[in-house]
Amino acid sequence: MAKNEDSKVTAAEVWGTYLNRGYYPESIHTPWFARKSMRPLFRLLPSEPRCPIDYYPFQGIGGALVRLFLGITPSKMNPRLCNLCDQAAKKYPGGAEVETSLLFADIRGSTSIAETMKPADFSELINRFYDVTTKVVINTNGMIEKLVGDEVTGFYVPGIAGPEHAGVAVEAARTILRETQHGSSAGPWVPVGVGIHTGMAWIGSVRSEEGMSDIAVLGDVANVAARLASQAGPGEILISEATRSAAGVERDGLEFRHLALKGRAEPVDAWTLRS
């Protein structure tokens, strides 16, 4: 693992500590305002909303001060959080293996839907789906990994969503189905299926030779979650056995599926939750 010039700590330790505990290792050099001991002070500054981890305010006089003098702004992955994580991605290129719950929300039958709509109207539908889904992930302390085509990917880690992150992801998926009106008498305004898988994934900063960088979630967890979403029907949430167990979801009343997922040698045990 590469090491930062100013510290003997590895990028894996920095990322692992932050994603698992919500703060950086005390052994690394951090600005005075990023130290854990400063959080009670920033909590006194007005006003809400503020980062739920570091307590930097985003609005009012306090928000203006931290933005102007400290460069603190909302994170691009979750605007309810501050951008210290984004800064770490640049300062400590690399990442760590962390237990995470990965959520894929996918518009089902988007190709057929696009065929019946004007491109501008379809664009409005996709943007509405993005708005609703990202808001749910953000408000449940998840992190947005990417928006791609007809899909939104979010991930939940212990240091931000808490140790019960699997349960949080399941509740987020249920909220997404409610917000898209699955289960209503009028039917959904867009058909959505969701896949969730929990396990160890590599999370960190990836970059190209041209200097482009981003946060990515890599490994089998991401592949399984994506495949589960692809097999979830409209109004369905497919959760792996790992997620069901971690979230404490009872098996009673759930449909069991033993799935052979495309590109994966071993099948996956999954359970179906419906709107």
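Right above here is the structure, for reference.
The rules we used
Residues numbered from 1 in each chain as written. Predicted model: local features only at pLDDT ≥ 70, side-chain atom pairs only at ≥ 80, totals over all residues. Heavy atoms only, no water. Helix = DSSP H or I, 4+ residues; strand = E, 2+ residues; numbered from the N terminus. Buried < 20%, exposed > 50% of the residue type's maximum accessible area, 1.4 Å probe, protein only. Contact = heavy atoms within 4.5 Å. Areas by Shrake-Rupley, 256 points an atom, 1.4 Å probe, with all protein chains shown as cover. Lys, Arg positive; Asp, Glu negative; His and termini not counted. Charge placed at Lys NZ, Arg CZ, Asp CG, Glu CD. Patch = residues over 30% accessible without salt bridge, like charges linked within 9 Å, V, L, I, M, F, W, Y side chains within 5 Å. Salt bridge = Lys/Arg side-chain N within 4 Å of Asp/Glu carboxyl O.

Asks: Looking at this model, I keep getting lost on the overall build of the chain. Mind explaining?
Replies: Helix and strand counts for the chain come out as ten helices and eight strands. For the chain, the spread of C-alpha atoms along the three principal axes comes to 55 × 40 × 40 Å. Counting over 275 residues, the chain shows a buried share of 52%. The contacts in the chain between residues at least 6 apart in sequence include a share of 59% that link residues at least 24 apart. Accessible area of the chain: about 13500 Å², with a carbon and sulfur share of 52%. Placing the 28 positive and 31 negative side-chain charges of the chain at their respective mean positions leaves the two points 5 Å apart.

Asks: Please explain the environment of Trp202 as it appears in this structure.
Replies: Checked against the element boundaries, Trp202 lands in strand S4 (residues 192-207). Between the alpha carbons of Trp202 and Ala12 there is a distance of 9.7 Å; along the sequence they are 190 residues apart. Residues in contact with Trp202, not counting those within four places in the same chain, are Gly94, Gly95, Ala96, Glu97, Ala216, Val217 and Leu218.

Asks: For this particular structure, what's the right way to read a nonpolar patch on the surface?
Replies: A cluster of nonpolar residues, Ile61, Leu65, Leu68 and Phe69, forms a patch on the protein surface that exposes about 470 Å² of accessible area. Topologically, Leu68 is positioned in helix H3 (residues 60-69). On the basis of relative accessible area, Leu68 is assigned to the exposed category, the value being 64%.

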